[in-house]
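Residue-level structural notes
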Amino acid sequence: TKFNIIDTPGFFDFVGEVQQSIKVADAAIIVLSGKSGLTVGAEKAWKSLKDANLPTMFYISKMDEENANYYKVVDDLRAQFGNSVVPLVFPMMKGEKVVGLVDLLSKTAKDTQGNDCALSAEAESRCEEYLMSLSEQVAETSEELMEKFFDTMELEEADMVEGIKVGLAERTVVPVFAS
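A few points on the structure. (Residues numbered from 1 in each chain as written. Predicted model: local features only at pLDDT ≥ 70, side-chain atom pairs only at ≥ 80, totals over all residues. Heavy atoms only, no water.)

1. Describing the sheet that holds strand β6 (residues 108-111)
Reading across from one edge, β4-β5-β6-β7 is the order of the four strands in this open sheet, with antiparallel pairing throughout. Each edge of the open sheet carries a strand with a single partner, namely β4 (89-94) and β7 (116-117). Pairing analysis gives two bridges linking β6 to β7, with the strands arranged antiparallel. Residue pairing in the sheet places A109 in a bridge with C117 of β7. Contacts from helix α4 (residues 121-139) reach β4 and β5 (97-103), with the element oriented near 155° to β4. (Pairing = 2+ DSSP bridges. Helix = DSSP H or I, 4+ residues; strand = E, 2+ residues; numbered from the N terminus. Contact = heavy atoms within 4.5 Å. Axes fitted to C-alpha atoms, helices over the stretch in contact; angles between N-to-C directions.)

2. So, the pairing of β4
Of all six residues making up β4, five are buried, and the element is well covered by its neighbours. Examined bridge by bridge, β4 and β5 share six bridges and lie antiparallel to one another. Of the residues in β5, the one forming a bridge with F90 is V102. Once β4 ends, the chain turns through two residues before running back antiparallel as β5, passing G95 with a positive phi of about 70°. (Buried < 20%, exposed > 50% of the residue type's maximum accessible area, 1.4 Å probe, protein only.)

3. Remarks on the sheet that holds strand β2 (residues 56-61)
With parallel pairing, the four strands of this open sheet are ordered in space as β1-β2-β8-β3. Each edge of the sheet is formed by a strand with only one pairing partner; in this case those strands are β1 (28-33) and β3 (85-87). When strand polarity is set aside, the average angle formed by the axes of neighbouring strands in this sheet is 25°. In the sheet, β1 pairs with β2 via six bridges, with the strands oriented parallel. Bridging across to β2, S33 finds its partner in S61.

4. What about helix α1 (residues 15-22)?
Three or more residues of α1 are buried, namely V18, S21 and I22. Projected onto a plane normal to the axis of α1, the buried residues spread over an arc of 100° and lie on a single side. Contacts from the buried residues of α1 go to α2 (40-51). (Arc of directions from axis to C-beta.)

The structure is reproduced here in structure tokens:
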């Protein structure tokens, strides 16, 4: 598989470049800073991507900077764009410091060196919260998944992956990643 990445400026002044890129893109990732959060440029990009009906994801960077707050950014995204915005990878914190990343689907964590590590109590709690939100969004992608979800109130990882693919294409699941 070959990926061509088109990097466009995020500042509102360069909205024309974003518009041009959308015409040739198959999907988009809107990059946000964990420090500055949701910006006017990101909101404009979201609107343009929604108008073009392109699959969209969010990536929250700069989590190692002082005053970065991943959870506030996610809450702001969900408040602005709805419950379809769901984290798939989120930081595991110790106080204000990122000590690892959590993969929501596998419920596993890796420390900042890339080694497997145990989930903190807070990360486990976030996993349950985010997994329920993701499951609800994925269940809405097909009748079969909806039935499975209502029978057991959970979905298997393979079902989640398939539902995320469908939901991403339909813009009913908007994944959020972090570093």
